[in-house]
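Listed below are the residues making up each chain.
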Amino acid sequence: MFDHVIFNMIVLIGVNIFKCKSFLKVASENIRTVRQLRVFRKKWEESKKEDGTKWHFLEHKGPLFAPAYEPLPDTVKFRYDGKVVKLSQDSEEVAGFYARMLDHDYTTKSTFNNNFFGDWRKVMTHEETKLIKDLSKCDFKEMQAYFQSLSEKNKNRTKEEKAALKAKNEEIQKEYGFCIIDGHKEKIGNFRIEPPGLFRGRGEHPKMGMLKRRVMPEDVLINCSKDSKIPKPPAGHKWKEVRHDNTVTWLASWTENVQSQAKYVMLNPSSKLKGEKDWQKYETARHLHKSIDKIRDTYRADWKAKEMRVRQRAVALYFIDRLALRAGNEKDDDQADTVGCCSLRVEHIELHKEKDGKEYVVVFDFLGKDSIRYYNEVPVEKRVFKNLEIFMEHKKGSDDLFDRLNTQTLNEHLKDLMPGLTAKVFRTYNASITLQKQLEELTDPDASIPEKILAYNRANRAVAILCNHQRAVPKGHSKSMEALKEKIQTKRDQVDEAEADYRDATKAAKRGSVKEKLACDKKKKALERLKEQLKKLELQETDRDENKTIALGTSKLNYLDPRISVSWCKKHGVPIEKIYNKTQRDKFRWAIDMAGPDYVF
DNA sequence: ACCGGTACTTAGAACTCGATTT
DNA sequence: AAATCGAGTTCTAAGTACCGGT
């Protein structure tokens, strides 16, 4: 039902927004009037959705494989236990992966080293395994130095070399980077097959350091139209399979060997296919906005439910809604130990009847996606607090907090509350509504453009904090802050100087001639310019410091309805380029075309 | 109800590159 | 001309969600 509503909107507005030029061109040869065109297009779109069809025609060149291994020159030695050992090609390649990572933190971790060494031994010849039994006796230093010198050389390439390289890359992009889908030429996202290397898991990943094998054409599935030009595998090779499944959007896929997970070649976010999906996501979130009051009433009422299952669901949903927690699917234990809402364990929260003058405080402390720490002290309703006490009764720290709940049952319940509703919609919804509210609150219509941009970044930041989007403090942060401060001081001195100059000039102008008045005007302008520059620097300082550990990109790209930003720009005369860079503008083209200054999420 | 498989979105780190400073 | 820096881009891991078989 809901799908149908969205689908109708897509059909109605989609004609205008996506301006499907090539499709229209093809069609217009046979169809003359705009009305006929719309009818045709609508039928075509309809046939698409009902049965999960994602495309009618798909043609591409297949993925691009990683370059073949280049053996080391004989001058670069590997040593074992002090003695030079000439490794077989495969062993050498894998050793090289490790050598490249030598000054990375990973190589200090025993899990990483053990996994690496285990997998390395598997590719060694029998001879090599007999000799090389202890990683700590391996000396990769020369290999490391060689790779360093290589990248040094790459950096020092001449202009001509760089230009040639760039041209070659563009050639590759042109050949492999695009596909034809339903009459459109669209950019592909990741057309390169991942090169072999050592697996870099995030956090305490039990598989870190394992060998990620080289992917061969024989591993790769190709997906395209039956009547398209089927991509050719590299000479002497075969594809694993060529299939023609138009219910999925991927062009190629393979299974990565470390975690046995499928990898896909898919379209770029700028594509129509991805754009429509993105749009639909925000429409669902807007739909939630309409029922959020009722849903909140429901889960609050459920805090008193007889069934513990329902109470747990209601408390979890409250966390998801209020704190923008992720759903928290179960994980296997061959992955890093991280949790989301449904998978929280007793050890991840602490209850305080009173903390820092606040009542009924829940302290969350756990590792979430990508092993990013979530720490938050949250005063909650007494009823929530009491429920949590019950959920935790007779449990160990390692027991599930919500033992009667998982993401499937939660999402089943959400579907009943609203069609299309799942746990992640709350994150999208709360992120977008927060941006809209914050923009409203922080934007002074009379402020300058840089001040407005600061306001925007602050609104963006509020969302990033809500979603716990963190990043490592940038390497040179404190240094660059100092430099900026110094710059500001210099500018201040300049302003003072200019002020004095201007004062003198005013005096001179009072009794002076036209010439002195002109000079005075000039001084005034100079002063104003300096003042503006100073203000800009000061804003930059605030912005950068507040952003130290907060990543704005993720929310901007994935959670904030771009129409909110677009309408804000239009309303306040801020050029969209100040908010979205080129890639972002491509991705959000649909929103830039769609939203006027009055758009409300 | 559970489980493994599949497809897709979301995520921070690493890398690249061009502008700016030294 | 070299070094530095940060914005932009690429990379790929790690999530969510759902399906179909048992």
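Being a predicted model, the structure only gives us computed values, none of them experimental. (Residues numbered from 1 in each chain as written. Chains lettered and ligands numbered in written order. Predicted model: local features only at pLDDT ≥ 70, side-chain atom pairs only at ≥ 80, totals over all residues. Heavy atoms only, no water.)

This part takes up the overall build of chain A. Helices and strands together make up the secondary structure of chain A, namely 20 helices and 15 strands. Taking the principal axes of the C-alpha coordinates as reference, chain A spans close to 95 × 75 × 70 Å. Across the 601 residues that make up chain A, the buried fraction comes to 42%. As displayed, chain A has an accessible area near 33,800 Å², and 50% of this comes from carbon and sulfur atoms. When the 117 basic and 93 acidic side-chain charges of chain A are each reduced to a single mean position, those positions are 4 Å apart. (Helix = DSSP H or I, 4+ residues; strand = E, 2+ residues; numbered from the N terminus. Buried < 20%, exposed > 50% of the residue type's maximum accessible area, 1.4 Å probe, protein only. Areas by Shrake-Rupley, 256 points an atom, 1.4 Å probe, with all protein chains shown as cover. Lys, Arg positive; Asp, Glu negative; His and termini not counted. Charge placed at Lys NZ, Arg CZ, Asp CG, Glu CD.)

Turning our eyes to something else, we now look at the sheet that holds strand β14 (residues 358–367). The 3 strands are arranged β13-β14-β15 in an open sheet whose pairing can be described as antiparallel. The open sheet has two edge strands with one neighbour each: β13 (349–355) and β15 (373–379). Neighbour to neighbour, the strand axes of the sheet diverge by 15° on average, direction disregarded. Relative to β15, β14 is paired through 7 bridges, and the arrangement is antiparallel. Considered in β15, the bridge of D365 is made with Y375. Helix α10 (residues 308–323) contacts β14 and β15 of the sheet and is inclined by roughly 105° relative to β15. Of the strands in this sheet, β13 and β14 are in contact with helix α11 (residues 382–392), which crosses β13 at around 135°. (Pairing = 2+ DSSP bridges. Axes fitted to C-alpha atoms, helices over the stretch in contact; angles between N-to-C directions. Contact = heavy atoms within 4.5 Å.)

What follows is about the environment of R461. Assignment of secondary structure puts R461 in helix α14 (residues 449–466). Spatially, the C-alpha atom of R461 lies 7.3 Å from that of I550, the residues being 89 residues apart in sequence. Apart from the residues lying within four places of it in its own chain, the contact partners of R461 are D543, E546, N547, I550 and L552. Reaching out from R461, the side chain makes a polar contact with the side chain of N547 at a distance of 2.8 Å. (Polar contact = N/O pair within 3.5 Å; in protein donor to acceptor, adjacent residues only side chain to side chain.)

In contact at an axis separation of 11 Å, α10 and α11 are set at 125° when each is read in the N-to-C sense. Accordingly, the angle class assigned to the pair α10 and α11 is oblique. Where α10 crosses over α11, the handedness of that crossing is left-handed. Facing M308, R311, Q312, V315, Y318 and F319 of α10, the residues of α11 in contact are V384, N387, L388, I390 and F391. Grouping the amino acids of the contact of α10 with α11 by side-chain chemistry returns 8 nonpolar, 2 polar and 1 charged. (Parallel < 35°, antiparallel > 145°, perpendicular 65-115°, else oblique. Left-handed = near helix turned anticlockwise from the far one by under 90°. Nonpolar A, V, L, I, M, F, W, Y, C, P; charged D, E, K, R; others polar.)

If you check the shell around DNA strand C, you find 29 residues, and the closest are R202, K263, G328, K331 and T583. Contact between DNA strand C and K212: a phosphate oxygen at 3.0 Å from a side-chain N or O atom of the residue. Taking A327, its main chain carries an N or O atom lying 3.2 Å from a phosphate oxygen of DNA strand C. Mapped by element, the contributors of at least two residues to the surface near DNA strand C are α13 (423–442) and α15 (477–511). A breakdown of the residues in the surface near DNA strand C according to their chemical character gives 4 nonpolar, 12 polar and 13 charged. (Near = heavy atom within 4 Å.)

Positive phi values are uncommon outside glycine, yet S371 reaches one of about 60°. With respect to the secondary-structure elements, S371 resides in the loop between β14 and β15. In this structure, N468 takes a positive phi of about 60° despite not being glycine. Summarising the element assignment, N468 is placed in the loop between α14 and α15.

So, on to the protein's contact with DNA strand B. With respect to spatial proximity, 27 residues lie near DNA strand B, and among them K274, K281, K369, T554 and Y559 are the closest. One of the side-chain N or O atoms of K274 is found 2.4 Å from a phosphate oxygen in DNA strand B. Contact distances for DNA strand B include 2.7 Å between a phosphate oxygen and a side-chain N or O atom of T554. Elements represented by at least two residues in the surface near DNA strand B include exactly α9 (272–302), α13 and α17 (553–558).

Taking 1.5 Å as the rise per residue, α10 with 16 residues should run 22 Å; its terminal C-alpha atoms sit 22 Å apart, in good agreement. Counting buried positions over the 16 residues of α10 gives 13, a clear majority of the element. Immediately beyond the C-terminal end of α10, within one or two residues, lies A324, with a positive phi of roughly 55°. (Expected span 1.5 Å × (residues − 1).)

Okay, empty space enclosed by the protein next. This model, assessed by the stated rule, comprises 2 cavities of 30 Å³ or more. The wall of the second largest cavity is formed by E194, K212, R213, V215, D219, W254, T255, E256 and N257. Counting residues per element, the lining of the second largest cavity draws most heavily on strand β11 (residues 252–256), at 3 residues. (1 Å grid on protein atoms, 1.4 Å probe; cavity = no way out; pocket = protein on both sides within 12 Å on 5 of 7 lines; lining within 4 Å. Points joined across faces, edges and corners; volume = space filled by probe spheres on them.)

The subject of this paragraph is the confidence of the model for chain A. Of the residues in chain A, 91% have a pLDDT of 70 or more, and the chain-wide mean is 88. Low confidence marks residues 1–32, where pLDDT is under 50. Its contacts with residues over four positions away, or in another chain, come to 54 contacts. (pLDDT = per-residue confidence, 0-100.)

Right, let's get into the sheet that holds strand β1 (residues 58–59). In sheet architecture, strand pairing relies on hydrogen bonds along the backbone and comes in two forms, parallel and antiparallel. Read across the sheet, 3 strands follow the order β1-β5-β6 without closing on themselves; strand pairing throughout is antiparallel. Each edge of the open sheet is held by one strand with a lone partner, namely β1 and β6 (184–187). One ladder, built from 4 bridges, connects strand β5 (residues 178–181) with β6; its direction is antiparallel. Its bridge partner being in β6, F178 is matched across the sheet by K187.

Moving on to the environment of T129. On the secondary structure map, T129 appears in helix α6 (residues 126–131). Sequence separation of T129 and V94 is 35 residues, and the distance between their C-alpha atoms is 14 Å. One polar contact links the side chain of T129 to the main-chain carbonyl oxygen of H126, over a distance of 2.6 Å.

Across all of its chains, the model carries 32 salt bridges by this definition. Of the charged contacts in the structure, one is a salt bridge between R563 and E283, with a shortest N-O distance of 2.7 Å. Here R563, found in helix α18 (residues 562–572), pairs with E283, found in helix α9; they are 280 residues apart in sequence, far enough to count as distant. Note that E377 and K355 form a salt bridge whose closest N and O atoms lie 3.1 Å from each other. (Salt bridge = Lys/Arg side-chain N within 4 Å of Asp/Glu carboxyl O.)

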